[in-house]
Amino acid sequence: MTEEYTASKPIYVQIADRIIRGIVRKELNPGDKLPSVREMAIQSGVNPNTIQRTYSELERMDIVETRRGQGTFVTENKEILSVLNEKVQKEVVEQFIRNMKELGLSKQQMIESLEKYGKGE
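Quick caveat, the model's predicted, so the values are computed rather than measured.

Draft legend 1. Quick look at the overall build of the chain. Scanning the chain for helices and strands turns up five helices and two strands. Over its C-alpha atoms the chain spans a radius of gyration of 17 Å, topping by over 25% the 14 Å that the globule rule assigns to 121 residues. On the principal axes, the C-alpha backbone points of the chain span a range of 55 × 35 × 25 Å. Counting across all 121 residues of the chain, residues that qualify as buried make up 25%. Pairs at least 24 apart in sequence give 50% of the contacts found in the chain among residues at least 6 apart. Counting only carbon and sulfur atoms, one obtains 51% of the accessible surface of the chain, whose full area is about 8700 Å². Averaged over its 19 positive side-chain charges, the chain has a centre that lies 2 Å from the centre of its 19 negative ones.

Draft legend 2. Up close: the packing of helix α1 (residues 11–24) against helix α3 (residues 48–60). Closest axis-to-axis distance for the α1/α3 pair is 9 Å, and the angle between their directions is 55°. Taken together, the axes of α1 and α3 are oblique relative to one another. Handedness of the α1/α3 crossing: right-handed. Mapping the contact onto sequence places Ile-11, Tyr-12, Ile-15, Ala-16, Ile-19 and Ile-20 in α1 and Thr-50, Ile-51, Arg-53, Thr-54, Tyr-55, Glu-57 and Leu-58 in α3. Per-class residue counts for the contact of α1 with α3 are nine nonpolar, two polar and two charged.

Draft legend 3. Spatial organisation of the UniProt feature "domain: HTH gntR-type" (unreviewed entry) in the chain. The UniProt feature table records "domain: HTH gntR-type" (unreviewed entry) at residues 9–77. For the annotated span residues 9–77, helix accounts for 51% and strand for 12% of the residues, and the straight-line distance between the end C-alpha atoms is 28 Å.

Draft legend 4. Examining the side chain of Thr-72 more closely. Along the chain, Thr-72 falls in strand β2 (residues 71–74). A polar atom in the side chain of Thr-72 sits 3.4 Å from the side chain of Thr-66. Discounting residues that sit within four places of it in the chain, Thr-72 has contacts with Asp-32, Lys-33, Leu-34, Tyr-55, Val-64, Glu-65 and Thr-66.

Draft legend 5. Here's a closer look at the pattern of salt bridges. One pass over the full model with this rule turns up seven salt bridges. Among the ionic pairs, Arg-60 bridges to Glu-57, the shortest N-O distance being 2.5 Å. Taken together, the residues span about one helical turn, with Arg-60 and Glu-57 both in helix α3 at a distance of three residues. With relative accessibility at 57%, the residue Arg-60 sits in the exposed group. The salt bridge involving Arg-67 is made with Glu-65; its shortest N-O contact spans 3.3 Å. Taking relative accessible area as the criterion, Arg-67 reaches 26% and is therefore assigned partly exposed. Through salt bridges with shared partners, a single network forms among Glu-65, Arg-67 and Glu-76.

Quick notes on the rules
Residues numbered from 1 in each chain as written. Predicted model: local features only at pLDDT ≥ 70, side-chain atom pairs only at ≥ 80, totals over all residues. Heavy atoms only, no water. Helix = DSSP H or I, 4+ residues; strand = E, 2+ residues; numbered from the N terminus. Rg over C-alpha atoms; globule rule 2.2 N^0.38 Å. Buried < 20%, exposed > 50% of the residue type's maximum accessible area, 1.4 Å probe, protein only. Contact = heavy atoms within 4.5 Å. Areas by Shrake-Rupley, 256 points an atom, 1.4 Å probe, with all protein chains shown as cover. Lys, Arg positive; Asp, Glu negative; His and termini not counted. Charge placed at Lys NZ, Arg CZ, Asp CG, Glu CD. Axes fitted to C-alpha atoms, helices over the stretch in contact; angles between N-to-C directions. Parallel < 35°, antiparallel > 145°, perpendicular 65-115°, else oblique. Left-handed = near helix turned anticlockwise from the far one by under 90°. Nonpolar A, V, L, I, M, F, W, Y, C, P; charged D, E, K, R; others polar. UniProt positions renumbered as here; feature names shortened; annotations may be inferred. Polar contact = N/O pair within 3.5 Å; in protein donor to acceptor, adjacent residues only side chain to side chain. Salt bridge = Lys/Arg side-chain N within 4 Å of Asp/Glu carboxyl O.

Below, the structure is given as structure tokens:
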């Protein structure tokens, strides 16, 4: 099952975003082992070098850590994970606001839309 990628962002960034969202949604927990570079490349339908770059970027951001001979693991640092969660929430809200402004909605209309369509939650 290969993933769909957009041309607007590098593929390694899109894969990193998916991993980050998995962490925020708690599909990946602190200390969880990520698939090997080869496994993730097969799952994602990309070259292993792309996954290596993804993992390196996530490690640079302190979101994952590589343990020599063991693999790559989600950080157990709760502060980093908390900041990550806040960052993702902020990005989602900012995107929502941009989309609603493009539709010409006022702040009040945005709030009304949230109240109207958020009731199913």
